[in-house]
Amino acid sequence: MHSFSDIYGNALLLRHLQQAVAGGRVSHAYLLTGSAGSGKRLIADTFAKTLQCEESGTEPCGHCKSCSAFDSGNHPDIVYVRPTKKTLGVDDVREQILEDVSLKQYRYRYKIYIVEQADTMTVQAQNALLKTLEEPPAYAVFLLLAENQTAFLPTILSRTVTLHIRPLPDTMVADYLEKKKGLSPADSAVYAAYAQGSIGQALDLLEDESFQQMRQEILEKLMALPQAKKGEVFLWAKDLEKYKDDLRFLDMMQLWYRDLLYAKRLRSEKDLIQKDKKAEIFRSAVESEGELARKAALIQRARVQLARNANFRLTMEVMLLQLKEN
Ligand SMILES: [Zn+2]
């Protein structure tokens, strides 16, 4: 548990952190940015555990007093800071950081603050923290975790080493699901396709029954669409209103036509993403490549129109009728 070598992707970023440990060039403040589920907390935890490890290696040893304390979830010199309301306010910063940081570490090498959702820090809170970042105690290390860096004052950014966690290739997410979660290669590829390069998001999807139901329903209806009567198409458009705030169904539709196109063009299942539906895909890939590409584009156009506040039901009706044409 918690070793750099077990973390998927972002090799350069991880090497940077490990080299900082090895060379004794650890900064007082890091800003780790990445989308939800990208591994900010995992990377911060692994870095903190390594910094505190009594073996002083570039990986946590896993058995010293510090590593054991970490594993028990109760490390005295690693402090987690979280917003108590929607934002991380000046009171949070004062109570959870400033009043604490003047006290020396309890027994380990550093005193590490892992600040979650740091991009919710108010300007006041950032200014309060700034003084400490400008003159940090020798033992203090701050790891700020955020989805983006635009929320930070330039003065904060100039005091921190910013490291961006990048999305992983789908194949790497799929590999994780196969090896660590025991999913079949077909299922792994499907979940990876919807996870936007994030193992965390893939794991959320695995638990998300509504996602699986939605996918089942959308694919069944798409397969039936060529034979559907006009009245049924209108009913489906009406029914889709339940997904008005969850446009993942459009991703599912696009992926469907994408796979039909690949099935038609290459006649091989190797490049299909939805390998769990390969029989259905080959059965449905009857139209020309041009026609399938046009249909995938129709879905994209509907997405753009919805983003511009077009009427949802009307947009769906037009899109479905055009998808039905052949
Ligand atoms: Zn250790």
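Not measured: the values here are computed from a predicted model.

**Concerning the environment of D71**
As for its position among the elements, D71 is in helix α3 (residues 65-71). Classification of D71 by relative accessible area gives partly exposed; the value is 35%. On a C-alpha basis, the gap between D71 and M1 in space is 8.4 Å, while along the polypeptide they are 70 residues apart. Those residues within four positions of D71 in sequence are excluded, and the remaining contacts are M1, K49 and G62.

**Thoughts on the nonpolar core**
Counting 52 residues, the largest nonpolar core has I218, L240, F249, M253, Y257 and M316 as its most contacted members. Those elements that provide at least two residues to this core are α7 (170-181), α8 (185-194), α9 (199-207), α10 (209-224), α11 (230-239), α12 (248-266), α14 (289-307) and α15 (312-324). Per element, the largest residue contribution to this core is ten residues, and it comes from α12. Setting aside residues no more than four positions away along its own chain, I218 makes contact with W236, L240, Y243, F249, M252 and M253.

**Focus on the domain arrangement of the protein**
A common way to report how large an interface is uses the accessible area buried once the components associate. Assigned domains of the protein: these are domain 1 (4-164), domain 2 (169-205) and domain 3 (208-324). Using only C-alpha atoms to locate each centre, domain 2 and domain 3 end up separated by 22 Å. Every contact between the two is made by nine residues of domain 2 and, on the other side, twelve residues of domain 3. Counting the surface lost from both domain 2 and domain 3, the interface buries some 910 Å², and carbon and sulfur atoms represent 66% of this.

**Overview of the pattern of salt bridges**
Counting across every chain of the model gives 24 salt bridges. Among the salt bridges present, the one from D100 reaches K111, with a minimum N-O distance of 3.2 Å. Pair noted here: D100 is in helix α4 (residues 90-101) and K111 is in strand β3 (residues 111-115), with a separation of eleven residues, a long-range link. Residue classification places D100 among the partly exposed positions, given a relative accessible area of 21%. Linking E325 and R294 is a salt bridge whose minimum nitrogen-to-oxygen distance equals 3.9 Å. Residue E325 is found in the segment after α15, and its partner R294 is found in helix α14; the two are separated by 31 residues along the sequence. Note on R294: relative accessible area 33%, which makes it partly exposed. Among the charged side chains, a network of salt bridges with common partners joins R41, D45, R82 and E116.

**Some points on the environment of S184**
By the element assignment, S184 lies in the loop between α7 and α8. Residues S184 and D276, spaced 92 residues apart in sequence, show a C-alpha to C-alpha distance of 9.3 Å.

**What about the packing of α12 against α14?**
Running from N to C, α12 and α14 point in directions that differ by 165°, and their axes come no closer than 9 Å. Classed by the angle they form, the pair α12 and α14 counts as roughly antiparallel. Our pair here, α12 against α14, has a crossing hand that is left-handed. Where α12 abuts α14, its residues L250, D251, M253, Q254, Y257, L260, L261, K264 and R265 lie against E289, L292, A293, K295, A296, I299, Q300, R303 and L306. Here the contact of α12 with α14 is built from residues that sort into ten nonpolar, two polar and six charged.

**With respect to the packing of aromatic side chains**
For any two aromatic rings, the description comes down to two numbers: the centre-to-centre distance and the angle of the planes. Enumeration over the complete set of coordinates arrives at seven aromatic pairs. Between the aromatic rings of Y8 and Y176, the centroid separation amounts to 5.1 Å while the plane-to-plane angle is 85°, which identifies the pairing as edge-to-face. Linking Y8 in the segment before α1 (11-22) with Y176 in helix α7, this pair joins segments that are 168 residues apart in sequence. Looking at Y8, the relative accessible area reads 18%, which means it is buried. Judged by centre distance (5.3 Å) and plane angle (85°), the ring pair of Y30 and F47 falls under edge-to-face. Residue Y30 is located in strand β1 (residues 29-33), and its partner F47 is located in helix α2 (residues 40-52); the two are separated by 17 residues in the primary sequence.

**Re the side chain of D77**
The residue D77 is located in the loop between α3 and β2 (78-81) in this model. Although buried, D77 forms no salt bridge, and the nearest oppositely charged side chain, K111, lies 5.5 Å from it. In terms of polar contacts, D77 uses its side chain to reach the backbone amide nitrogen of Y108, at 2.9 Å. Those residues in contact with D77 that sit more than four places away from it in its chain are Q52, Q105, Y106, R107, Y108, Y110, K111 and I112.

**Observations concerning the pairing of β3**
Here β3 lies mainly inside the structure; five of its five residues are buried. Here β3 shows two buried faces, one formed by K111, Y113 and V115 and the other by I112 and I114. Note: β2 against β3, four bridges, orientation parallel. Counterpart to Y80 in the pairing with β3 is I114. A crossover links β2 with its parallel partner β3, the connecting element being α4, and its sense is right-handed. Across five bridges, the pairing between β3 and strand β4 (residues 140-146) is parallel. Looking at the pairing, Y113 lines up with F142 of β4.

Rules behind the numbers
- Residues numbered from 1 in each chain as written.
- Predicted model: local features only at pLDDT ≥ 70, side-chain atom pairs only at ≥ 80, totals over all residues.
- Heavy atoms only, no water.
- Helix = DSSP H or I, 4+ residues; strand = E, 2+ residues; numbered from the N terminus.
- Buried < 20%, exposed > 50% of the residue type's maximum accessible area, 1.4 Å probe, protein only.
- Contact = heavy atoms within 4.5 Å.
- Core = buried A, V, L, I, M, F, W, Y, C linked by side-chain atoms within 4.5 Å.
- Domains from an automatic or database assignment.
- Buried area = accessible area lost by both parts, 1.4 Å probe.
- Salt bridge = Lys/Arg side-chain N within 4 Å of Asp/Glu carboxyl O.
- Axes fitted to C-alpha atoms, helices over the stretch in contact; angles between N-to-C directions.
- Parallel < 35°, antiparallel > 145°, perpendicular 65-115°, else oblique.
- Left-handed = near helix turned anticlockwise from the far one by under 90°.
- Nonpolar A, V, L, I, M, F, W, Y, C, P; charged D, E, K, R; others polar.
- Phe/Tyr/Trp six-rings, centres within 6.5 Å; stacked < 30°, edge-to-face > 60°.
- Lys, Arg positive; Asp, Glu negative; His and termini not counted.
- Polar contact = N/O pair within 3.5 Å; in protein donor to acceptor, adjacent residues only side chain to side chain.
- Pairing = 2+ DSSP bridges.
- Right-handed = clockwise from strand over helix to strand, strands pointing away.

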